[in-house]
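# Residue-level structure breakdown
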Protein chains: 2
Amino acid sequence: MTDSRQMMLMRQARERISFDGDALTNIIHDGASRAQARRDAWRRVEQAIGTADTSTLPAQYRDTSREGLYEEGLQSGVAHWTDSIRHNHDFFDSVTPRYALINSSPFGLNTMFRKAIELQASDEQRKSWLPMIYGGRWNGSYIQTELGHGTKFTHLETRARYHRESDEFDLHTPTTTATKFWPGCLGYSATHGVIMARLVLPDETGSDVDYGVHLFLLPIRDDTTGEVTPGVEVGDIGLKPAHNQNDNGYAIFNHVRISRTNMLMGEHSVDAQGNYTKVAHAKAMHQTMTSIRSYLPLVCALQLAQAVTIASRYSVVREQGHLPFSERGAAEIQIVNYKSQNFRLLTALSKAYAIMFASKHVEAVQRDLEVRRSMLDFSTFDYSHALQAGMKAWASDVAAQSAEDARKCCGGQGYLNTSGLPEIVASLTAICTLEGDNYALWQQTAGYLTKTLQSRGSSLETEVQEEEVSLKGTPDFLSPRFQLSLYRQRAAGCIKKAAERLSKANLTSTRSEAWNTEMMSLITAARAHVEYVVLQQFWSAVEALSATGQVSSSVLPVLKRLCSLFALSSIINPSTTDALTFLEHVPNLALWLDDIRDVVNDLLATLLPDLIGLTDAWDFSDASLASAIGMRDGNCYETLLNWTRQLPINVRARANGGIDPNFHSGVRPGLLDDLDAAGGVPTPPGSLHLFSDSKYRWK
Amino acid sequence: MTDSRQMMLMRQARERISFDGDALTNIIHDGASRAQARRDAWRRVEQAIGTADTSTLPAQYRDTSREGLYEEGLQSGVAHWTDSIRHNHDFFDSVTPRYALINSSPFGLNTMFRKAIELQASDEQRKSWLPMIYGGRWNGSYIQTELGHGTKFTHLETRARYHRESDEFDLHTPTTTATKFWPGCLGYSATHGVIMARLVLPDETGSDVDYGVHLFLLPIRDDTTGEVTPGVEVGDIGLKPAHNQNDNGYAIFNHVRISRTNMLMGEHSVDAQGNYTKVAHAKAMHQTMTSIRSYLPLVCALQLAQAVTIASRYSVVREQGHLPFSERGAAEIQIVNYKSQNFRLLTALSKAYAIMFASKHVEAVQRDLEVRRSMLDFSTFDYSHALQAGMKAWASDVAAQSAEDARKCCGGQGYLNTSGLPEIVASLTAICTLEGDNYALWQQTAGYLTKTLQSRGSSLETEVQEEEVSLKGTPDFLSPRFQLSLYRQRAAGCIKKAAERLSKANLTSTRSEAWNTEMMSLITAARAHVEYVVLQQFWSAVEALSATGQVSSSVLPVLKRLCSLFALSSIINPSTTDALTFLEHVPNLALWLDDIRDVVNDLLATLLPDLIGLTDAWDFSDASLASAIGMRDGNCYETLLNWTRQLPINVRARANGGIDPNFHSGVRPGLLDDLDAAGGVPTPPGSLHLFSDSKYRWK
């Protein structure tokens, strides 16, 4: 078979790349050896589940029922789970083989489950339980959210009441709103769970005393027979926009008995007499979720990069339309050459890189926090928490919005599940509300900023080493110092503004009410702060790479352009959130807007030949993209038609002479004969019909 | 059974509504009698398909396979289709019983099919074909898009070559990219289609001459047996994010013969000798699609209002968390009271109203255009086209973005399909790329604006009657004249800026290249223009209602507040597209930003008690929302749990002792015993694990 025109266009595009792609891959994936180990892991898993053969319609597009998607998830889940244990790696601790957040695998809550036990169990409990987890015998869930309560866990209602007689806790769901709802793997896959419930201890008089929410190890179902623990009603919560490979579940407890020693006792303990002892620092409780939060930005970067990879490849091979004023009869152009497409794809890609570099900073801060914690040093907790909260909110907002735009860049084809894009977008979108709703998280960052501003007079100075750069005269738009000063001025202006408005509101209302009134300004301040930190981290990373002297010289200029594009396009991008505040807080910016538009146009033109190289560098396998229009070879139309013919609905019809079984039961009843039945000619209904009232009515 | 707390909260919310809801319903739905007729139609259809009983899990959440969703679509499709014919109304010409674009029904392309024949067929053809359509005997599709070509139809490849010997056209798919792909109902439901294909006529020497794209009536399958026309390969294109009730299809033609008289001959004709005659104005060809485009904004308004209805109801009954600085032990608050939630819901709702009022203007312009067209007056075509293109792009962008945000307002629950929100958002999102991709449409509006600017010196003056309002001094922010002047200045500034940049680019490049370079500025100008027109139409509608003197006096102040909220919040809303241009083009605005923030805060506080009233007024039935968390009674948690228990995956497990059949085949293989197998203790993998290297390793 000869190559299609699309494959030829893709080859031509690759010939234009200016830099060493492997070098960039190794930067993204933390070095050549780790990049290779990842590649090997993906290859093994894709072989195991049969997705390596991309001429076959991927399993998730075959049986698309709730049940079928779960079954597909189990196959993939077993493969990545056993691979990570057998080959001793953590690649699937944060993402599935398709780069969705690992929570979307039926073996995906193990990371949180394990972390909770590592952080919150007593030494003795760890010694007894962790081997079952590290060895893969237990599949664990993390059971926090209830129907009526989410990440704000202090009001959870599930009760664990201690019974001294039997030395057991009685786990119970007292109301409908106390129903556990959402925990991953809970429906039908998890053998165990760490569950959050209110610890209730009877006092000397026998009255119940509520000690607040604590963690307990709960056996959910027998790991051999699958039988559910007596007293537990458990099930799946149904289809979601994505994450359907996982059985997010619900559970209702009817006086379920678990041993006293199932309470996680690293921080607090209850003895056989029902006495409560607090062991360590109270803040530790939050850490399971915040440690998870630390890898969410990287997942956002990966999924956004996936979406841009698919959209860029399709845009290179898709030829459609002309520019205005083109010569009559001119050939259609590759849609990547439309400036709007060029702008949308490259700015989205610059954000994926920005999030990726910033995520490495967030992970480093988290690792540092964990080391300190093991020495009972909590001094960096507040900053780390504020950073992680804001970064999670920002990265997920930006990635979800940009990935959806990349999907739209593919027009109708982007609306097909077989393009791979809908699932990427939908799975990414979940990150905006899971593990802490973004609007709640923004406020945590804002709280930290206002507190710091109050105590230090400036909330940015601790994170800024450079001296203030004058923004007078004609600046060098491409210089990091200019860009950072601009973002810093804006961030400082936003937090100052929010603080002023807060103070003013405080004059006439309570602190709570004032906070509420100025909430939108506070969120804006948090966002501007995070964007400054992200830009700072992007430039730091580029400078650090440059300083090593070991990075291919072809890569650095491309990364610098990409970082400048991120910084400058965000100012003038129509879709930028809070764009107004750039002009509001950077005095001279209004004079430079047209210059910035020109610089951005130049950057876009210079980077365009590298678009495919910059997406290839993420090293996504075709199987992981699962996209008929985004495969490496560019052969989108042949692949799409090939996959379409394999859809079960079409296979079923072909086996039935081309007729869908619903024709007689479903279509035929709608084909009326009201012309005859009505004994005359029906009038065409309604106002949308042009010819409804005169000459085209029959009798 | 006693009412739940959530039902009580919802009743309390309704008690606070300040205005006459029925009066507003009648405004939205074009008068009391039409509002009642709609209500009756919905009631009949919901009875017919059994969705009126909302205690039963809706059908679309039961069999969620590709095949099951199509089957569900057929049931609903037959019901709305026969209802509209038997009761002679047009309510289901634009939307399904769930308010999705009618294209998402397997009987949903009839509107376009019929319109094409009404507008493009000859008198004789109309007399012969339209009775079959009005009488409901044919289910028609509109077959334009191909794998390689979308709405830009001039390069379509499907050929219809005339054979004089048999007086037939030979319909053929010459390449893979010529495969018809996407047409609604084509897969398995349509009996006929209007198909776009290149008309090819042999000249005197026998050489083929290409006359460009024309329309043909194509019988697809037998309306009694379902048998597919010989030579046609046809099928479904698979699952999409929504619109799965419809069988968007593909078709490949292998020399299919259709009669010469199947060519639609209202505008051009081919006689038996193969002679081609042009009958009428060339622009008419576009009109099927543009006439469809005229009702898309209303669909956007309806679906956005649906999303906000669900999110508002949930936000009233959901109690979660506290404001910072709250008293210890305080009860949780209804999330609607968080300012961010208040802001997001009410600004989204103000957009739904804005789009709705503007859509009435667009439809009026279209009706006027059709009347003129019947008199061969095409003088308003360019303006009408530019308006419809821009309005479709703006309404779908805004509605999709805001509906997605409303979905996020519901946190995790908004990510459940049973919340109804994912389908609303996904089905709305399709409108951004269907019937003309938004980025292509923006440019059409921009083209009109630059042309008008060139010929008249101002592109806005024709649509503006009011004199210029001075923006000096402290303005009355709530006055329509102030707001309109502000939007007009911004729109005029944007188009002037784009034109200047275009002229400058023209100096160094071709007109095509210059257009491409400045595309983003041109799109910004088009958007600003449309937003000005929308605000104008919102205020016009309010003033017209006021002038009648017949509208309940309680309604007008609420609508005025909503319009002011739309105008003012759009300036300072962090999510506003192109917000920067307000400050860039309205000189004094920087001085007023804080005042505007204060006014918006006041409007939000005043409108908050009316939120439920303003969403109830759209008169969506519970069945049409299909939302466990958005029903009128507010009983979200009981309903959600009730529906969840009815999910087939849970019914199946209950019948099997609580064990999912996949447990043994899918879960069990992942539960390893590598602890023993490895002859020792496995090391916990990877860098994310805190205790991986020291005291918590066993031996």
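The shown structure was predicted, so the numbers you read here are calculated from the model rather than taken from an experiment. (Residues numbered from 1 in each chain as written. Chains lettered and ligands numbered in written order. Predicted model: local features only at pLDDT ≥ 70, side-chain atom pairs only at ≥ 80, totals over all residues. Heavy atoms only, no water.)

### As for the overall build of chain A
Selection rule: By definition, any uninterrupted DSSP run of H or I lasting at least four residues is a helix, any uninterrupted run of E lasting at least two residues is a strand, and each is numbered from the N terminus. With C-alpha atoms as the basis for the radius of gyration, the globule rule is written as 2.2 Å multiplied by the number of residues raised to the power 0.38. For every residue, the accessible area (1.4 Å probe, protein chains only) is compared with the maximum for its type, and the residue is labelled buried under 20%, exposed over 50%, or partly exposed between those bounds. Contacts are assigned to residue pairs with any non-hydrogen atoms lying within 4.5 Å of each other. Surface exposure here means Shrake-Rupley accessible area, sampled with a 1.4 Å probe, where a residue is shielded only by the protein chains that are shown. Neither His nor the chain ends contribute to the count of charged residues, in which Lys and Arg are positive and Asp and Glu negative. By convention, the charge on Lys lies at NZ, on Arg at CZ, on Asp at CG and on Glu at CD.
A tally of regular secondary structure across chain A gives 24 helices and 11 strands. A compact globule built from 699 residues would reach a C-alpha radius of gyration of about 27 Å, and chain A, at 29 Å, matches this within 12%. Dimensions of chain A, computed from the C-alpha atoms along their principal axes, are close to 90 × 80 × 60 Å. Put simply, chain A has 699 residues, and 66% of those count as buried. In chain A, the proportion of contacts linking residues at least 24 apart, taken out of those at least 6 apart, comes to 74%. For chain A, the computed accessible surface area is about 23,400 Å², with 51% contributed by carbon and sulfur atoms. Of the side chains in chain A, 67 bear a positive and 78 a negative charge, and the two mean positions are spaced by 3 Å.

### Thoughts on the relation of the copies chain A and chain B
Basically, it comes down to this: Only residues with pLDDT of at least 70 in both copies count here: their C-alpha atoms drive the least-squares fit that superposes the copies.
For the pair chain A and chain B, the relating rotation is 180°, the translation along its axis is 0.0 Å, and the fit reaches an RMSD of 0.0 Å. What the superposition gives is, in effect, a two-fold axis relating one chain to the other. Minimal C-alpha separation from the rotation axis in chain A is found for serine 65 of chain A, amounting to 1.9 Å. Most of the interface of chain A is mirrored in chain B, where 100% of its interface residues again form contacts.

### Examining the interface of chain A and chain B
Here is the rule we go by: Buried area: the accessible area, evaluated with a 1.4 Å probe, that two parts lose upon being put together, summed over both parts. Criterion for a salt bridge: a side-chain nitrogen of Lys or Arg within 4 Å of a carboxyl oxygen of Asp or Glu. Counted as a polar contact is a pair of N or O atoms within 3.5 Å, where, for protein atoms, one must be capable of donating a hydrogen and the other of accepting one, and residues adjacent in sequence contribute only when both atoms are in side chains. Only Asp, Glu, Lys and Arg are considered charged, only Ala, Val, Leu, Ile, Met, Phe, Trp, Tyr, Cys and Pro nonpolar, and every remaining residue, Gly among them, polar.
Chain A puts 178 residues into the contact, and the matching count from chain B is 178 residues. Between chain A and chain B the total buried area reaches about 16,000 Å² when both faces are included, carbon and sulfur atoms providing 60% of it. Linking chain A to chain B there are 12 salt bridges. The interface formed by chain A and chain B contains 62 residue pairs in polar contact (both at pLDDT 80 or more). Examining the composition of the side of chain A that touches chain B, we find that 11 residues originate from one element, helix 4 (residues 66–86) of chain A, more than from any other. Taken together, the residues of the side of chain A that touches chain B break down into 69 nonpolar, 59 polar and 50 charged.

### Observations regarding the pattern of salt bridges
In this structure the tally under the stated criterion is 83 salt bridges over all chains. Among the salt bridges present, the one from arginine 11 of chain A reaches aspartate 3 of chain A, with a minimum N-O distance of 2.8 Å. Overall, aspartate 3 of chain A belongs to the partly exposed group, its relative accessible area being 41%. Shared partners join several salt bridges into a network, and the residues in it are Lys497, Arg501, Lys504, Glu518 and Glu584 of chain A together with Asp594, Arg597 and Asp598 of chain B.

### Focus: the sheet that holds strand 4 (residues 180–181) of chain A
All names here are of chain A. What counts, and what does not: Strand pairing is assigned whenever DSSP identifies at least 2 bridges connecting the two strands.
Sheet architecture is open: three strands sit in the order 4-8-7, paired in antiparallel fashion. What marks the edges here is a single partner per strand, and that holds for strand 4 and strand 7 (232–236). Note that strand 4 and strand 8 (residues 249–253) share two bridges and pair antiparallel. Paired with lysine 180 across the two strands is alanine 251, which belongs to strand 8.

### Here we look at the sheet that holds strand 4 (residues 180–181) of chain B
Across the sheet, which stays open at both edges, the three strands sit in the order 4-8-7 (chain B) with antiparallel pairing between neighbours. In this open sheet, the two edge strands, each paired with only one partner strand, are strand 4 and strand 7 (232–236) of chain B.

### Examining the packing of helix 12 (residues 438–456) of chain B against helix 15 (residues 519–548) of chain B
Residue and element names in this part refer to chain B. Threshold: Only the contacting stretch of a helix is used when fitting its axis, a line to C-alpha atoms as for every element, and angles between N-to-C directions run 0 to 180 degrees. By definition in this entry, angles of less than 35 degrees are roughly parallel, angles greater than 145 are roughly antiparallel, angles of 65 to 115 are roughly perpendicular, and the rest are oblique.
Their axes nearest at 8 Å, the elements helix 12 and helix 15 cross at an angle of 80°. By the angle between their axes, helix 12 is roughly perpendicular relative to helix 15. Contacts between helix 12 and helix 15 pair Tyr439, Trp442, Gln443, Thr445, Ala446, Leu449 and Thr450 from the former with Met519, Leu522, Ile523, Ala525, Ala526, Arg527, His529 and Val530 from the latter. Considering only residue class, the contact of helix 12 with helix 15 consists of 10 nonpolar, four polar and one charged.

### As for the confidence of the model for chain A
Residue and element names in this part refer to chain A. Basically, it comes down to this: On a range of 0 to 100, pLDDT expresses the predictor's confidence in each residue.
Per-residue confidence for chain A gives a mean pLDDT of 91, with 92% of residues at or over 70. Here residues 461–467 is a poorly scored stretch, pLDDT under 50, and it has 14 contacts once near neighbours within four places are set aside; other chains count. Reported confidence for the predicted complex is 0.95 by ipTM and 0.95 by pTM.

### As for unusual backbone geometry
All names here are of chain A. Phi is positive for histidine 243, which is not a glycine, with a value near 60°. As for its position among the elements, histidine 243 is in the loop between strand 7 and strand 8. Owing to a relative accessible area of 6%, histidine 243 belongs among the buried residues under this scheme.

### Here's the deal with the nonpolar core
Most often, soluble globular proteins have nonpolar side chains that are buried together. For clarity, the threshold we go by: Here, the term nonpolar core denotes a set of buried Ala, Val, Leu, Ile, Met, Phe, Trp, Tyr and Cys residues that are joined through side-chain atoms within 4.5 Å.
Ranked by size, the top nonpolar core spans 452 residues in total, and within it Tyr353 and Trp618 of chain A together with Tyr353 and Trp618 of chain B carry the most contacts. When neighbours within four sequence positions are excluded, tyrosine 353 of chain B is seen to be in contact with Leu24, Ile28, Phe538, Leu559, Leu562, Leu614, Ala617 and Trp618 of chain B.

### What about helix 10 (residues 381–408) of chain A?
Think of an α-helix as turning once every 3.6 residues; residues three or four places apart then point the same way. The following threshold applies: Here a helix's expected span is defined as the number of its residues, less one, multiplied by 1.5 Å.
Here helix 10 of chain A contains 28 residues, and its C-alpha end-to-end distance of 40 Å stays within 8% of the 40 Å for a straight helix at 1.5 Å per residue. Here helix 10 of chain A lies mainly inside the structure; 23 of its 28 residues are buried.

### Re the state of the cysteines
Residue and element names in this part refer to chain A. Short version of the rule: The disulfide definition used here is simple: a pair of cysteine sulfur atoms within 2.5 Å.
Tallied over the entire structure, the rule returns zero disulfides over all chains. Not part of a disulfide, cysteine 636 finds its nearest cysteine sulfur in cysteine 410, a span of 9.5 Å. What makes cysteine 636 buried here is its relative accessible area of 1%.

### Some words on the side chain of asparagine 248 of chain B
Residues and elements named next belong to chain B. Examined against the element boundaries, asparagine 248 turns out to sit in the loop between strand 7 and strand 8 (249–253). Within the structure, asparagine 248 has its side chain in polar contact with the backbone oxygen of tryptophan 182 (distance 2.7 Å). A distance of 2.6 Å separates the side chain of asparagine 248 from the side chain of lysine 240, its partner in a polar contact. Setting aside anything within four residues of it in sequence, one finds asparagine 248 in contact with Trp182, Pro183, Gly184, Cys185, Gly187, Gly235, Asp236, Ile237, Lys240 and His243.

### Things to note about the packing of helix 16 (residues 555–572) of chain B against helix 18 (residues 589–607) of chain B
All names here are of chain B. The cut-off we apply is this: Note on convention: near helix rotated counterclockwise from far helix by under a right angle means a left-handed crossing. Clockwise means right-handed.
Orientation of helix 16 relative to helix 18, taken along the N-to-C sense of each, is 140°, at an axis distance of 9 Å. By the angle between their axes, helix 16 is oblique relative to helix 18. Read as a crossing pair, helix 16 and helix 18 show a hand that is left-handed. Taking contact as the criterion, the partners of Val558, Arg561, Leu562, Ser564, Leu565, Leu568, Ser569, Ile571 and Ile572 in helix 16 are, on helix 18, Leu589, Leu593, Ile596, Arg597, Val599, Val600, Leu603, Leu604, Thr606 and Leu607. Its residues placed into classes, the contact of helix 16 with helix 18 shows 14 nonpolar, three polar and two charged.

### Remarks on the packing of aromatic side chains
Here is the rule: Each aromatic pair joins two rings of Phe, Tyr and Trp (for Trp, the six-membered one) with centres within 6.5 Å, and gets the label stacked for planes under 30 degrees apart, edge-to-face for over 60, and tilted for any other angle.
Tallied over the entire structure, the rule returns 40 aromatic pairs over all chains. Look at phenylalanine 357 of chain B and phenylalanine 538 of chain B: their rings are 5.3 Å apart centre to centre, the planes differ by 35°, and that puts the pair in the tilted class. With phenylalanine 357 of chain B in helix 9 (residues 339–374) and phenylalanine 538 of chain B in helix 15, this pair connects stretches of sequence that are 181 residues apart. A single burial state applies to phenylalanine 357 of chain B and to phenylalanine 538 of chain B, both of which are buried. Taken together, the aromatic side chains of Trp42, Phe92, Tyr99, Tyr353, Trp618 and Phe620 of chain A make up a single cluster linked through ring pairs.

### A word on the environment of alanine 526 of chain B
Residues and elements named next belong to chain B. Looking at the secondary structure, you find alanine 526 in helix 15. With relative accessibility at 0%, the residue alanine 526 sits in the buried group. Not counting residues within four places of it along the chain, the set of residues in contact with alanine 526 comprises Trp442, Thr445, Ala446 and Leu449.

### Digging into the environment of aspartate 53 of chain B
Residue and element names in this part refer to chain B. Summarising the element assignment, aspartate 53 is placed in the loop between helix 3 (32–49) and helix 4 (66–86). Residue class for aspartate 53 comes out partly exposed when judged on its relative accessible area of 40%. Each C-alpha atom, one on aspartate 53 and one on alanine 389, is 40 Å from the other, the two residues being 336 residues apart in sequence. Within the structure, aspartate 53 has its side chain in polar contact with the side chain of serine 55 (distance 2.7 Å).

### Things to note about helix 3 (residues 32–49) of chain A
With 18 residues, helix 3 of chain A extends 26 Å between its outermost C-alpha atoms, agreeing within 8% with the 26 Å of an ideal straight helix rising 1.5 Å per residue. Residue glycine 50 of chain A follows helix 3 of chain A closely and has a positive phi angle near 80°.

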